[in-house]
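Listed here are the chains, written in short residue letters.
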Number of protein chains: 6
Amino acid sequence: MNATDGTVRIDGRTTTDHRPVTIERGWSTQAEGSALISFGNTKVLCTASFTNGVPRWMAGKGAGWVTAEYSMLPRSTNERMQRESIKGKVGGRTHEISRLIGRSLRAVVDMKGLGENTLVLDCDVLQADGGTRTASITGAYVAMADAIEWGRERGFIGKKATPLTDSVQAISVGIVGGVPMLDLAYEEDSRADTDMNIVTTGSGTFIEVQGTAEHAPFDRDELNALLDLGLTGNASLAAVQRSALGLA
Amino acid sequence: MNATDGTVRIDGRTTTDHRPVTIERGWSTQAEGSALISFGNTKVLCTASFTNGVPRWMAGKGAGWVTAEYSMLPRSTNERMQRESIKGKVGGRTHEISRLIGRSLRAVVDMKGLGENTLVLDCDVLQADGGTRTASITGAYVAMADAIEWGRERGFIGKKATPLTDSVQAISVGIVGGVPMLDLAYEEDSRADTDMNIVTTGSGTFIEVQGTAEHAPFDRDELNALLDLGLTGNASLAAVQRSALGLA
Amino acid sequence: MNATDGTVRIDGRTTTDHRPVTIERGWSTQAEGSALISFGNTKVLCTASFTNGVPRWMAGKGAGWVTAEYSMLPRSTNERMQRESIKGKVGGRTHEISRLIGRSLRAVVDMKGLGENTLVLDCDVLQADGGTRTASITGAYVAMADAIEWGRERGFIGKKATPLTDSVQAISVGIVGGVPMLDLAYEEDSRADTDMNIVTTGSGTFIEVQGTAEHAPFDRDELNALLDLGLTGNASLAAVQRSALGLA
Amino acid sequence: MNATDGTVRIDGRTTTDHRPVTIERGWSTQAEGSALISFGNTKVLCTASFTNGVPRWMAGKGAGWVTAEYSMLPRSTNERMQRESIKGKVGGRTHEISRLIGRSLRAVVDMKGLGENTLVLDCDVLQADGGTRTASITGAYVAMADAIEWGRERGFIGKKATPLTDSVQAISVGIVGGVPMLDLAYEEDSRADTDMNIVTTGSGTFIEVQGTAEHAPFDRDELNALLDLGLTGNASLAAVQRSALGLA
Amino acid sequence: MNATDGTVRIDGRTTTDHRPVTIERGWSTQAEGSALISFGNTKVLCTASFTNGVPRWMAGKGAGWVTAEYSMLPRSTNERMQRESIKGKVGGRTHEISRLIGRSLRAVVDMKGLGENTLVLDCDVLQADGGTRTASITGAYVAMADAIEWGRERGFIGKKATPLTDSVQAISVGIVGGVPMLDLAYEEDSRADTDMNIVTTGSGTFIEVQGTAEHAPFDRDELNALLDLGLTGNASLAAVQRSALGLA
Amino acid sequence: MNATDGTVRIDGRTTTDHRPVTIERGWSTQAEGSALISFGNTKVLCTASFTNGVPRWMAGKGAGWVTAEYSMLPRSTNERMQRESIKGKVGGRTHEISRLIGRSLRAVVDMKGLGENTLVLDCDVLQADGGTRTASITGAYVAMADAIEWGRERGFIGKKATPLTDSVQAISVGIVGGVPMLDLAYEEDSRADTDMNIVTTGSGTFIEVQGTAEHAPFDRDELNALLDLGLTGNASLAAVQRSALGLA
């Protein structure tokens, strides 16, 4: 098993390619930070809302808070889904992904540096073709970086404070037909034996590793191959983020 | 009081101008019909989901059904709103607009011509600057027209059936500072004494007229001035729709 | 087409007659104001609850607030409906009517004159035979007027303040079998091509005009005929209100 | 302690008097059976909805079903209460009373005699001054009796079937200031040491006995005094029911 | 009919025997008071949570509050039930029992003696074989007694205060096959003509008496026989409580 | 950094020790399979409910289904939590853990071997001291194994079918104060820099790996150390399971 074994994927990629990733920074004119991110046909609108102040239970500690909400438009998918607002409750998958995005972003924020300010990241999937949670994390980072600068310009964050300790990016990897692959599209994801989401910092350490045997348990070698793929992919995404932010 | 009185509005329009309207037909690759419509900074993604068959309570009558759902992204507005899925219930305003969109579209659909098929129109506001309900109706018509053709191509609708009896478009009008104006942006809307939404067919008859005295009751002359403005504006929107659909 | 064309309706009325309207003022011994209003077989119990003070977000501005809630008893209709409390959510129609009643009443209240007091109008339909929303508005005005006097007597409203700037009344009109008619009963309403609710002040200006093409779009002449009918009908309702309040 | 000890109550009654009870049979023109019952200022509108057929899980057994729902209008009380439909859930007290009414009515219905038919009793409190649950049971019986006759006339119930095995009536009793009293009004109820609701058949046997020490535990003698009072009161209510039904 | 008539029950008991009752005091290491109580196969985990302070609406009166919540594990019963958290609402039976437990416990607590402290009693049924509400009350009393001592040791309750005015215990009685019996197991309960729950103080007065004719109304003699049985049974339970608390 | 470095933990364990684990198989007399599992002070009651048949959408495929629900008693924790049934919605954490348990168990079940039967695993946390999700998975496996045998004995599962392809067990690992440790108790978990849950099969392959940087990102070496610890711990748990099932 070799991650660069010549396998050609349905969309022509090699096993180590991610899909074309584009980030339209500042897509929204209302939010303090925003990014419309595409991983191939997957499109997520990420907005960052900056509020001076924190929830009452956190006040007076000199620290901020970051939270996230993920949602899919009803017809972002191939079959229309019922709206969670109509059902009257948020589903387990939505909850799980919202929590993952929030944890991932908080991992690169120094809450003392942020000061008593609150950031809410909304990741709304406009079109879904696999990898919506990884696109959400990767795009939300860009929106968050802009919102933090917005707060700094208005004096809500100290001039010398460095709330962002690193960047954060995420990608999916999986074993499909016995072959480890990077950034699964929906069709690949639904056939995967094992599926893993890897969240890292721009400096290459892990923030979150979530691997699930969808159809067959995996061994240590397979796990290592997936981790290798994910680290390489995330390094590439970090470069796209830097470019979008005008840092590269 | 004259609707063409030389008043210059905050964004440079005359009182009889609507904002620039653009329709990106087929924005979504998943839905049977779709349109991303903009009325200035207001942007609404309209998708049409076509399902062969109708709800059980309608089956066996040879007739179809059309329904609509409207929603705003939490940060489509200047201040972030709480998601209705998180609140666990759909608010009154959302309900009211969803019902208005559905009624307006049904008014131009011959349900027998549609046959036992169901159309669900989702209108998700990505960015809001006034007129989201009128943009939703105007864009949803385009998405619906494409979804009906999709159904015809696959044989779910008879070749000679004409489910669409007309087009439908909507615009807001209002009296701001004593002056009747077309297509109010958010800032104008919030200052309006009277606000009216006018839904018409392409042939110029009324489907829905909803006028509300927000701050001051209005008289018969004012009502007539608003109706005149609305009919002119909707005629212009009908032309934009025809152009988007390649009919003009 | 002529609104006084000799048509005899199912209950013997001419096209310009409303049904017999009665108002039992002070029906409830608990509320600060109340009215049991009947439009023929439609019966609505309207109560006005006066509270000194306003919600926290309004405090300190010297202004009051008026809001309304509409509901139908489960067996007010011919077929029993499920209770919204059992369903766990308020339906779109209920929301829409509650909002309409609230807006209509607020249009005749000077909030500064009301002072920091809150009025809640509850309109509970005990029996429904068409026109429940128009009966609710017409009856709620009477209950509200009494509750305002209650507040004045107790010193919550200034002696010289005039919170009520006018009266408000509402009636439905519609085109049934091609003929414009006033105050549709349920059986007529379900056959109407076009249905319109007209809310006016006692001095004859419009507060709300809501016309809907249920089955066929309507033209400008039809719209004008309906508006004429509605204005005449509301003038008659205003007289019934004045009589109930002992003002005529 | 003696139940006929000369105590004069706030409204002039002796301890063994119930308040004036009136039953307006057939108040609603829509329901298959209805009664507007008053116990003094307490007013409850009871409607009985008859449906041919039973829920799926009961079908095919030749037996019917009876259920009840209780609710209070928001301003039936001295202070306005929030609607349970707005809260999104039915409260514990409402549930408890609905269940009590349903059990009490089922106790006098022979489900085989009823056949595969469903009765829903709605008890909506229009005005509350204590004893709303006992008034509901007493009035619902009258509405139910009429609905059963309605079903018999239409052939849904056999001509010789006797679904009603007895009548049912209910009254509250309590110990106030050390004195056992019949049919507590709100003001008495709120001061009671012990409060008991007694549901009986017209032939004088018990269907339900619910006694609660609100402020002080009660002994066997007090319990017996309360039971005596309740039996006498219910015998009187049974006579009012017979009179309303034209049986006496 | 005689309560000691030689009838042998399905599990070998006489009609006046309750099932073996055990109380594991202090089962939980987290709660301020706890008891795992068994009535035969019925097992309920009762925990008492002591909080210094009261809800805002009660503050400043020098009095405390006691409340209770009852719930069944989904597979405590023979057939798995759906969780109420999944349904999104608490059922009527759960509400009713929670309220009964709370009232019963409050009847033996002097709220002034408790001071501004709150006790929440959770009664979670781990296994159900009839009598879950009576086991809950009997076990919750033991948990509550320990939580009160916990509060006293920490100085939240005055050294000389006597918040507990008595003990409280509960048992079910019923008429099965014409024979009055104590402490019905599930199989007996489902066949009972009449079912009664009796809550008493340790000194033998009544706190709550709830008798229901499940299948046949009952007369005064039957009621008296059931009350006799219940008083005897509760006296025995009071002894088990004293033993668990080391008082006997 | 060495996983066996002589560190002594707050409860006396070495870094490679898990807490004492006990499994009371068959704790419930109602469920088809059950286990009360303890990891130190963490106690979870796991029940398996076996139903012949599958949900309608799965019928006719010859395959079964396994699902799980996790919940905590309100006072299983040090501070009482509000019940999710009272809140009216299931929280994100509960959803996430229920989904993890279900996925983990399904990974060792051959759905064709199970046949058209449904297993519901309920994991109710009676007492929580860290590791409730890993205890749930480990205990639920034992309950599930017994329920499968129950189904086989009654002929719902073929005599030669082998629905269970392996065992499943789970344990938490984490880095606390820079030191990798096995099976974190609550106090350790709350101080951990990194927290990982590892689910494996009895044959030592991975089913799920979920690592989260709670306070500090982790590197590849740390990840490997945690994986080593988890594999060793799970091998020990597999032995406890075999012993409980009488297989060792």
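Please read these numbers as outputs of a predicted model, since none were measured by experiment.

On the chain B side, the residues contacting the 33 residues of chain A number 34 residues. Both sides of the chain A and chain B interface together cover about 2800 Å² of buried area, and 48% of this is carbon and sulfur. Area buried by chain A at its contact with chain B is led by A:Q30, A:R75 and A:R83, which between them contribute 26% of it. Connecting chain A to chain B are 22 residue pairs in polar contact (both at pLDDT 80 or more). Considering every element that reaches the side of chain A that touches chain B, the biggest residue donor is strand β5 (residues 117-127) of chain A, with 6 residues. A per-class count over the side of chain A that touches chain B returns 12 nonpolar, 12 polar and 9 charged.

Residue and element names in this part refer to chain F. Contact pair helix α2 (residues 92-106) / helix α4 (residues 132-153): the axes reach a minimum separation of 10 Å and the direction vectors enclose 40 degrees. It follows that α2 is oblique to α4 by the angle criterion. The way α2 lies across α4 gives a crossing that is right-handed. In this structure, α2 contributes R93, I97, L100, I101, S104 and L105 to the contact, and α4 contributes T132, R133, S136, I137, A140, Y141 and M144. Classifying every residue of the contact of α2 with α4 gives 8 nonpolar, 3 polar and 2 charged.

Let us now look at the sheet that holds strand β1 (residues 21-25) of chain C. Strand pairing in a sheet relies on backbone hydrogen bonds. The paired strands run either parallel or antiparallel. Residue and element names in this part refer to chain C. With mixed pairing, the 5 strands of this open sheet are ordered in space as β1-β2-β3-β5-β4. Sheet topology places β1 and β4 (65-72) at the edges, where each strand pairs with a single neighbour. Taking each pair of neighbouring strands and ignoring which way they run, the sheet shows an average axis angle of 15 degrees. Sheet topology places β1 next to strand β2 (residues 33-39); 5 bridges connect them, and they run antiparallel. Directly across from I23, in β2, lies its bridge partner I37. Sheet strands touched by helix α2 (residues 92-106): β4 and β5 (117-127). Its angle to β4, the strand with the most contacts, is close to 145 degrees.

Between chain A and chain B, which share one sequence, the superposing operator has a rotation angle of 180 degrees and an axial displacement of 0.0 Å; the RMSD is 0.0 Å. Expressed as a symmetry operation, the mapping of one chain copy onto the other fits a two-fold axis. Measuring from the rotation axis to each C-alpha of chain A, the shortest distance belongs to A:S85, at 1.8 Å.

Residues and elements named next belong to chain A. Under the local residue numbering, the UniProt record ascribes the feature "domain: Exoribonuclease phosphorolytic" (unreviewed entry) to residues 18-147 and 168-232. Taken end to end, residues 18-147 is 30% helix and 32% strand, and its two terminal C-alpha atoms sit 27 Å from one another. In residues 168-232, the share of helix is 26% and the share of strand is 45%. The end C-alpha atoms are 14 Å apart.

Bringing the confidence of the model for chain A into the picture now. As a note on interpretation, predicted positions should not be read in detail where pLDDT is low. Here chain A averages 94 in pLDDT, and 98% of its residues register 70 or above. Scored as a complex, the prediction yields pTM 0.90 and ipTM 0.93.

A separate point is the UniProt feature "binding site: phosphate" (unreviewed entry) in chain A. All names here are of chain A. Those places that UniProt annotates as "binding site: phosphate" (unreviewed entry) correspond, in this numbering, to R93, G131, T132 and R133. The annotated residues occupy 41 residues of the chain but converge on a single region, no pair of C-alpha atoms lying more than 13.5 Å apart. Here G131 lies in the loop between β5 and α4 (132-153). Looking at G131, the relative accessible area reads 19%, which means it is buried.

Moving on, we come to the sheet that holds strand β7 (residues 179-182) of chain F. Here we have 8 strands laid out as an open sheet, ordered β7(A)-β6(A)-β8(A)-β9(A)-β9(F)-β8(F)-β6(F)-β7(F), and antiparallel in their pairing. On the outer flanks of this sheet lie β7 (179-182) of chain A together with β7 of chain F, each paired with one strand and no other. Sheet twist, expressed as the mean angle between neighbouring strand axes with direction ignored, is 15 degrees. Across 7 bridges, the pairing between strand β8 (residues 194-201) of chain F and strand β9 (residues 206-213) of chain F is antiparallel. When the bridges of β9(F) are listed, F:T194 appears paired with F:A213. Across the sheet, helix α6 (residues 220-244) of chain A is in contact with β6 (168-176), β7, β8 (194-201) and β9 (206-213) of chain A together with β9 of chain F; its angle to β6(A) comes to roughly 140 degrees.

All names here are of chain E. By the secondary structure assignment, S172 is in strand β6 (residues 168-176). Polar side-chain contacts of S172 include one of 3.1 Å to the backbone nitrogen of L184. S172 has contacts with T134, M181, L182, D183, L184, D195, M196 and N197, leaving out every residue within four places of it along the chain.

Here we take up the packing of aromatic side chains. Taken as a whole and assessed by the stated rule, the structure comprises 30 aromatic pairs over all chains. With centroids separated by 5.5 Å and ring planes inclined at 55 degrees, the aromatic side chains of B:F50 and B:W150 adopt a geometry described as tilted. Linking B:F50 in strand β3 (residues 42-52) with B:W150 in helix α4 (residues 132-153), this pair joins segments that are 100 residues apart in sequence. For B:F50, a relative accessible area of 7% puts it in the buried group. When the centroid spacing of 5.9 Å and the interplanar angle of 25 degrees are considered together, the rings of F:F50 and F:F156 count as stacked. Of this pair, F:F50 sits in strand β3 (residues 42-52) while F:F156 sits in the loop between α4 and β6 (168-176), placing them 106 residues apart in sequence. Of the residues examined, F:F156 reaches a relative accessible area of 33% and is grouped as partly exposed. Three or more aromatic residues joined by ring pairs form one cluster here, namely A:F50, A:W150 and A:F156.

Looking now at the state of the cysteines. Residues and elements named next belong to chain B. Tallying each qualifying case throughout the model produces 0 disulfides over all chains. Lacking any disulfide linkage, C123 is separated from the closest cysteine sulfur, that of C46, by 4.1 Å. Accessibility expressed as a relative area gives 0% for C123, which makes it buried.

Each value, and the rule that gives it
- Residues numbered from 1 in each chain as written.
- Chains lettered and ligands numbered in written order.
- Predicted model: local features only at pLDDT ≥ 70, side-chain atom pairs only at ≥ 80, totals over all residues.
- Heavy atoms only, no water.
- Contact = heavy atoms within 4.5 Å.
- Buried area = accessible area lost by both parts, 1.4 Å probe.
- Polar contact = N/O pair within 3.5 Å; in protein donor to acceptor, adjacent residues only side chain to side chain.
- Helix = DSSP H or I, 4+ residues; strand = E, 2+ residues; numbered from the N terminus.
- Nonpolar A, V, L, I, M, F, W, Y, C, P; charged D, E, K, R; others polar.
- Axes fitted to C-alpha atoms, helices over the stretch in contact; angles between N-to-C directions.
- Parallel < 35°, antiparallel > 145°, perpendicular 65-115°, else oblique.
- Left-handed = near helix turned anticlockwise from the far one by under 90°.
- Pairing = 2+ DSSP bridges.
- Least-squares fit on C-alpha atoms with pLDDT ≥ 70 in both.
- UniProt positions renumbered as here; feature names shortened; annotations may be inferred.
- pLDDT = per-residue confidence, 0-100.
- Buried < 20%, exposed > 50% of the residue type's maximum accessible area, 1.4 Å probe, protein only.
- Phe/Tyr/Trp six-rings, centres within 6.5 Å; stacked < 30°, edge-to-face > 60°.
- Disulfide = S-S within 2.5 Å.

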